[in-house]
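Residue-level structural notes
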Amino acid sequence: MALKVLSALDSARTQYYHFKAIIVAGMGLFTDAYDLFCIPPIIKLLGRIYYKDREKYSDDRLYEVSAVVTSVMVGTALLGTVIGQLVFGYLGDRIGRRRVYGLALMLMVLSSIGCGLSLSTSRTFVLLSLMFFRFVLGLGIGGDYPLSATIISEFANKKTRGAFIAAVFSMQGFGILVSSTVTMIVCAIFNRASNYPRPDHTPESADLAWRLILMIGAVPAGLTCYWRMMMPETARYTALVERNVIQAAKDMQKVLDVSFSQTEEESLPNPPSYSLFSKEFLHRHGRDLFSCAANWFLVDIVFYSSNLFQSKVYDKRYLQQKEDVNAFEEAFQYAKIQAIIAACSTIPGYFATVYFIDRIGRVKIQIMGFFFMALALFAIGIPYYIYWDSHTNAGFMVLYGLTFFFSNFGPNTTTFIIPAELFPARFRSTCHGISGASGKIGAIIGSVGFLWASHNKRENGYTKGIGMTASLVILGGICVLGMIVTYFFTRETKGRSLEANENEDETTGVCILRGFRNPCICPQASNQVGDA
């Protein structure tokens, strides 16, 4: 029988503190998206500011520098995110979620400010300091992923847990929209204040504009620092890892309207002695860790590659030529495209997941998302040079938008949710961090590799690659592979307590032998407190 404090959490009604926790936890994901999506327009400003001596740099050379800087900036932040997820995920299980949660947010706030200051106005120092601070920013963002997901999953009740975790992750959508909106507002203000400079002239005020855009991203995260520091340790960590049931009950009664009786009489089973990556761990949880890491790796290849070369596919119709706009107007255009995509497909996809995740389940949504992403990518990629390359019309916009909608109403969100629900409390944050780090390695491949591979000739600073058709078809094939991995390896967690989910591996084989493909409906499945 489950501990009373955990049973009370699983059955607690939705309360004010749940919504407060969603906002506080979501600020890290908000900052992540803000930082990622403000970089493409900022790179346009940096190119105009620090490489404006055109007599030294040909247009091809300028494009090449811009391409390299974009790849390095994105790759540096993602590398920091990989390390942050592994380190903070481990620390979250080792010394507690609460003790390291505030540190991750402080890293994001300080490094966002550092990115804007960037130490100097010299081109070399600006780029080097940007790389350093974006790496540190990535550490904080990476640390926030496993901690936010784990904390919300351990606070939530079992009926709405998926919606709560999805709501935290949906803050990414608002981060994209706010990033693009702030960029447009700042560029519009500076453009007007500079009396609408000529396309071949970049005023000195542009150097202040990009710094301001970066530093504004630290404001929402900074405002939530106090509340994050004041959050109590989760009851599951306190009860199952620190093995202090009384303190867990007291902490929960401070923030939630729940009551416990005879808590002091409860006794905990002796914890299992196996360690992370031991044979026993791999026997019990190896399949789950593989499915979480593999699916996150696959979806991030597609998601990040699509985000970062979206400006290329819109160039022919929706962006004016660089020679016809000044620096502020060029950055404004890129930000406007991102805002349209976020408002029309990205954010609706997140909302759909929040609404349906606890109704139809994680696995079905993940398979469906991979399926429709593959269809859209094949529909764009196969006839790309035959038709879409010269007909970037409304049909193209709809298909491309669908890839983002079904990414977020699909694997981009569910891969964040599932690792927070499957593993024992003493490994939960670590395993989420490992899964997320695998995803960010996929993101590096997608954002850097496919950004270069998508060109079928040498253009805009990029060397000749395999072209858009081959790139998009490969991405579609990756989505099909994601469907296969999900179907054969991913278990459903809807409507079950975290303790029941973590125990399920011990009975999965027995259930399948008895004819139950889904162990959730097998009478052998356990509802006891497990190997926490």
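Residues numbered from 1 in each chain as written. Predicted model: local features only at pLDDT ≥ 70, side-chain atom pairs only at ≥ 80, totals over all residues. Heavy atoms only, no water.

Labelled according to an unreviewed UniProt entry, the protein appears under the name Inorganic phosphate transporter 1-9, originating from Abeliophyllum distichum. The annotation that UniProt attaches to the protein under Subcellular location (unreviewed entry) is "Membrane". Note on the protein: under the UniProt heading Sequence similarities (unreviewed entry), the record states "Belongs to the major facilitator superfamily. Phosphate:H(+) symporter (TC 2.A.1.9) family." (UniProt positions renumbered as here; feature names shortened; annotations may be inferred.)

For the protein, the helix and strand inventory stands at 22 helices and 0 strands. Relative to its full complement of 532 residues, the protein shows a buried share of 61%. Residue pairs in contact within the protein that sit at least 24 positions apart in sequence constitute 83% of those at least 6 positions apart. As displayed, the protein offers around 20,700 Å² of accessible surface, 63% of which is attributable to carbon and sulfur atoms. (Helix = DSSP H or I, 4+ residues; strand = E, 2+ residues; numbered from the N terminus. Buried < 20%, exposed > 50% of the residue type's maximum accessible area, 1.4 Å probe, protein only. Contact = heavy atoms within 4.5 Å. Areas by Shrake-Rupley, 256 points an atom, 1.4 Å probe, with all protein chains shown as cover.)

For the rest of this paragraph, the subject is the confidence of the model for the protein. When pLDDT is averaged along the protein, the result is 83; 83% of the residues meet or exceed 70. Ranking the elements of the protein by mean pLDDT puts helix α22 (residues 498-513) last, at 57, and helix α18 (residues 411-417) first, at 97. In the model, residues 506-531 has pLDDT below 50 throughout and makes 51 contacts with residues more than four positions away in sequence or in other chains. (pLDDT = per-residue confidence, 0-100.)

Turning to unusual backbone geometry, a few remarks are in order. One non-glycine residue, Y196, lies in positive phi territory at about 50 degrees. Take Y196: it is sitting in the loop between α7 (171-193) and α8 (206-216). Look at R243: it is not a glycine, yet its phi comes out positive at around 60 degrees. Here R243 lies in the loop between α11 (235-241) and α12 (245-255). Look at R243 and you get partly exposed, because its relative accessible area is 33%.

Counting across every chain of the model gives 17 salt bridges. Across the pair D200 and R198 runs a salt bridge whose closest N-O atoms are separated by 3.1 Å. Residue R198 is classed as exposed on the basis of its relative accessible area, which comes to 53%. Between D358 and R362 there is a salt bridge; the shortest N-O distance is 2.9 Å. By relative accessible area, which is 0% here, R362 ends up buried. If you follow the salt bridges from partner to partner, you end up with D93, R97, E154 and R428 in one network. (Salt bridge = Lys/Arg side-chain N within 4 Å of Asp/Glu carboxyl O.)

For N295, the position within the fold is in helix α13 (residues 279-308). Residues N295 and L481, spaced 186 residues apart in sequence, show a C-alpha to C-alpha distance of 8.8 Å. Residues within four places of N295 in sequence aside, it is in contact with Q366, F370, T415, G482, V485, T486 and T490. Among the polar contacts listed, one links the side chain of N295 to the side chain of T486, at a separation of 3.2 Å. (Polar contact = N/O pair within 3.5 Å; in protein donor to acceptor, adjacent residues only side chain to side chain.)

Let us look at helix α17 (residues 394-408). For α17, spanning 15 residues, the distance from its first C-alpha to its last is 21 Å, which sits close to the expected 21 Å at 1.5 Å a residue. Residues F396, L399, Y400, G401, T403, F404, F406, S407 and N408 constitute the buried set of α17. (Expected span 1.5 Å × (residues − 1).)

On inspection of all chains with the given rule, the structure shows 8 cavities of 30 Å³ or more. One number sums up the size of the second largest cavity: a volume of about 80 Å³. Around the second largest cavity, the lining residues are D32, D35, L36, V74, A77, L78, T81, R134, G138, I141, Y304 and K440. At the level of secondary structure, the elements contributing two or more residues to the lining of the second largest cavity comprise α2 (16-50), α3 (59-94) and α5 (123-155). Take the lining of the second largest cavity: its biggest share by element is 4 residues, from α3. Residues that form the lining of the second largest cavity fall into these classes: 6 nonpolar, 2 polar and 4 charged. (1 Å grid on protein atoms, 1.4 Å probe; cavity = no way out; pocket = protein on both sides within 12 Å on 5 of 7 lines; lining within 4 Å. Points joined across faces, edges and corners; volume = space filled by probe spheres on them. Nonpolar A, V, L, I, M, F, W, Y, C, P; charged D, E, K, R; others polar.)

The next point concerns the packing of helix α4 (residues 97-117) against α5. Viewed as axis vectors pointing N to C, α4 and α5 meet at an angle of 150 degrees, and their least axial separation amounts to 8 Å. As summarised for this structure, α4 and α5 are arranged roughly antiparallel, according to the angle between their axes. The two elements α4 and α5 cross, and the hand of that crossing is left-handed. Each residue belonging to the contact of α4 with α5 can be placed in one class, and the counts come to 14 nonpolar, 7 polar and 4 charged. (Axes fitted to C-alpha atoms, helices over the stretch in contact; angles between N-to-C directions. Parallel < 35°, antiparallel > 145°, perpendicular 65-115°, else oblique. Left-handed = near helix turned anticlockwise from the far one by under 90°.)

It is at 9 Å that the axes of α5 and helix α6 (residues 161-169) come closest, and there the two elements cross at 150 degrees. Classed by the angle they form, the pair α5 and α6 counts as roughly antiparallel. In this structure, the crossing between α5 and α6 has a hand that is right-handed. For the pair α5 and α6, the contacting residues are Y145, S148, A149, I152 and S153 in the first and R161, F164, I165, V168 and F169 in the second. Per-class residue counts for the contact of α5 with α6 are 7 nonpolar, 2 polar and 1 charged.

So, about helix α15 (residues 327-360). Between the first and last C-alpha of α15 there are 47 Å, a value that for 34 residues agrees with the 50 Å anticipated at 1.5 Å per step. Largest kink in α15: about 45 degrees, centred on A342. Put simply, N326 is the residue that caps the front of α15, since its side-chain oxygen is 3.1 Å from the backbone nitrogen of F328. Just beyond α15, the residue with positive phi is G361, at close to 95 degrees. (Bend = angle between axes of the 7 residues up to and from the residue.)

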